[in-house]
Amino acid sequence: MKKNIKITFSAFLSLCLIILSSCSASEKQVPLYDRGIEVVSLLHEMAHSETYIEAYSGNTKIKDIITSVGSDNPALPKAVYEIKIPTDKINELLNLGEANNFSDRLNNFIKSRSYSIIPTQINAIGGAEKLAAASICTIGTSFIDKNLSENVMYLYVYENSAPVIVNFSPAGNDNIVNTSGMFIFNENFSTDIFESLKEFFTEMSVEITEVKK
């Protein structure tokens, strides 16, 4: 009987260790850089799937835009930039005054939406077909992150593939972060050097810093 109790207790301890290790793994904070790479990888999978593209559009020009996305390894960007927009500039972008009657919850939602509007605007400048192509390859996900407290945008630049903008927006409760990703198909959007980014966003006085892996 004692032997059986010892075996059972040992099994119980082993189970506890497995549960604790799995809990620790689930609470591990993944860097935003890597979260963005996951989004870019899925976008590339979409763009290289004829079945996926056909399900959303039969337009030859739109399909050509998507399939010309490039074949660079999503995990090996040429450069990654973090972009932050001051709150007052977000208000200007949405034609809101400095003061408003919105609740914190609604303000957070507006900030989140304003960040997601930017890649859409960039593609729209390139024309309706570019915007349509980018809209087909768009991703929205969410994850848990205890450290992120403000909206931030990551721009992934590749040598021979279309750049990608990934937005990270705290939902305001339970440490949930909403993520959206979109290709930038507008060729006029130069992402070759740091200064070209500053020039594009100059009127918005955004903070742009290069992210190193």
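Please read all numbers here as calculations on a predicted model, not as lab measurements.

Caption draft 1: Spatial organisation of the environment of glutamate 50. Secondary-structure assignment places glutamate 50 in helix H3 (residues 50-56). It is 9.9 Å that separates the C-alpha atoms of glutamate 50 and isoleucine 66, two residues lying 16 residues apart in sequence.

Caption draft 2: Geometry of the environment of aspartate 174. Its place among the elements puts aspartate 174 in the loop between strand E4 (164-170) and strand E5 (176-183). Since its relative accessible area comes to 62%, aspartate 174 is described here as exposed.

Caption draft 3: Layout of a nonpolar patch on the surface. A cluster of nonpolar side chains, namely Phe102, Leu106 and Phe109, defines an oily patch on the protein surface of about 250 Å² accessible area. Topologically, leucine 106 is positioned in helix H6 (residues 104-125). For leucine 106, a relative accessible area of 34% corresponds to the partly exposed category.

Caption draft 4: Focus on the sheet that holds strand E6 (residues 207-210). The antiparallel open sheet is built from 6 strands, whose spatial order is E2-E5-E4-E3-E1-E6. Of all the strands in the sheet, just strand E2 (138-144) and E6 have a single pairing partner and so form its edges. Going across the sheet, the axis of each strand differs from the next one's by a mean of 20 degrees, ignoring polarity. Taken together, the 7 bridges between E2 and E5 define a ladder with antiparallel strand orientation. Residue pairing for E5: threonine 141 is matched across the bridge by threonine 179. Packing of helix H2 (residues 32-47) onto the sheet brings it into contact with strand E1 (79-84), E2, strand E3 (152-157), E4 and E5, and relative to E2 it is tilted by some 150 degrees.

Caption draft 5: A look at the nonpolar core. Ranked by size, the top nonpolar core spans 35 residues in total, and within it Tyr154, Phe168 and Phe183 carry the most contacts. When residues of this core are traced back to their parent elements, those giving at least two are H2, H3, helix H4 (60-67), helix H7 (128-136), E2, E3, E4 and E5. Of the residues forming this core, the biggest block, 8 residues, is contributed by H2. The contact partners of tyrosine 154, leaving out residues within four places of it in the chain, are Leu32, Tyr33, Val80, Tyr81, Glu82, Val164, Ile165, Val166, Phe168 and Val211.

Caption draft 6: Structural context of unusual backbone geometry. In this model, asparagine 175 sits at a positive phi of 60 degrees, which is unusual for a non-glycine residue. Its location among the elements puts asparagine 175 in the loop between E4 and E5. When its relative accessible area of 39% is taken as the criterion, asparagine 175 is described as partly exposed.

Caption draft 7: Structural detail: the confidence of the model for the chain. Averaged over every residue, the pLDDT of the chain is 79; the share at 70 or more is 75%. Element-level mean pLDDT values for the chain span from 42 in helix H1 (residues 2-27) up to 96 in H2. Within the model, the stretch residues 1-27 combines pLDDT values under 50 with 0 contacts to residues more than four positions away or in other chains.

Caption draft 8: Geometry of the side chain of histidine 44. Within the secondary structure layout, histidine 44 lies in helix H2. Setting aside anything within four residues of it in sequence, one finds histidine 44 in contact with Gly70, Asp72, Pro74, Ser161 and Phe183.

Caption draft 9: Fine view of the pattern of salt bridges. Applying the stated criterion to the full structure yields 5 salt bridges. Lysine 63 is the salt-bridge partner of glutamate 54, the closest N and O atoms lying 2.7 Å from each other. Residue glutamate 54 is classed as partly exposed on the basis of its relative accessible area, which comes to 46%. Lysine 84 is the partner of glutamate 150 in a salt bridge, and the nearest nitrogen-oxygen pair spans 3.0 Å. Of this pair, glutamate 150 sits in the loop between E2 and E3 while lysine 84 sits in strand E1, and the two are 66 residues apart along the sequence. Look at lysine 84 and you get partly exposed, because its relative accessible area is 23%.

Caption draft 10: A look at the packing of aromatic side chains. What the rule picks out here adds up to 6 aromatic pairs. Ring geometry for tyrosine 52 against tyrosine 56: centres 4.8 Å apart, planes inclined by 45 degrees, an arrangement best described as tilted. Taken together, the residues tyrosine 52 and tyrosine 56, both in helix H3 and 4 residues apart, mark about one turn of the helix. Judged by its relative accessible area of 53%, tyrosine 56 falls in the exposed class. Each member of the aromatic cluster is reached from another via a ring pair, and the members are Tyr33, Phe143, Tyr154, Tyr156 and Phe168.

Cut-off values and rules
Residues numbered from 1 in each chain as written. Predicted model: local features only at pLDDT ≥ 70, side-chain atom pairs only at ≥ 80, totals over all residues. Heavy atoms only, no water. Helix = DSSP H or I, 4+ residues; strand = E, 2+ residues; numbered from the N terminus. Buried < 20%, exposed > 50% of the residue type's maximum accessible area, 1.4 Å probe, protein only. Patch = residues over 30% accessible without salt bridge, like charges linked within 9 Å, V, L, I, M, F, W, Y side chains within 5 Å. Areas by Shrake-Rupley, 256 points an atom, 1.4 Å probe, with all protein chains shown as cover. Salt bridge = Lys/Arg side-chain N within 4 Å of Asp/Glu carboxyl O. Pairing = 2+ DSSP bridges. Axes fitted to C-alpha atoms, helices over the stretch in contact; angles between N-to-C directions. Contact = heavy atoms within 4.5 Å. Core = buried A, V, L, I, M, F, W, Y, C linked by side-chain atoms within 4.5 Å. pLDDT = per-residue confidence, 0-100. Phe/Tyr/Trp six-rings, centres within 6.5 Å; stacked < 30°, edge-to-face > 60°.

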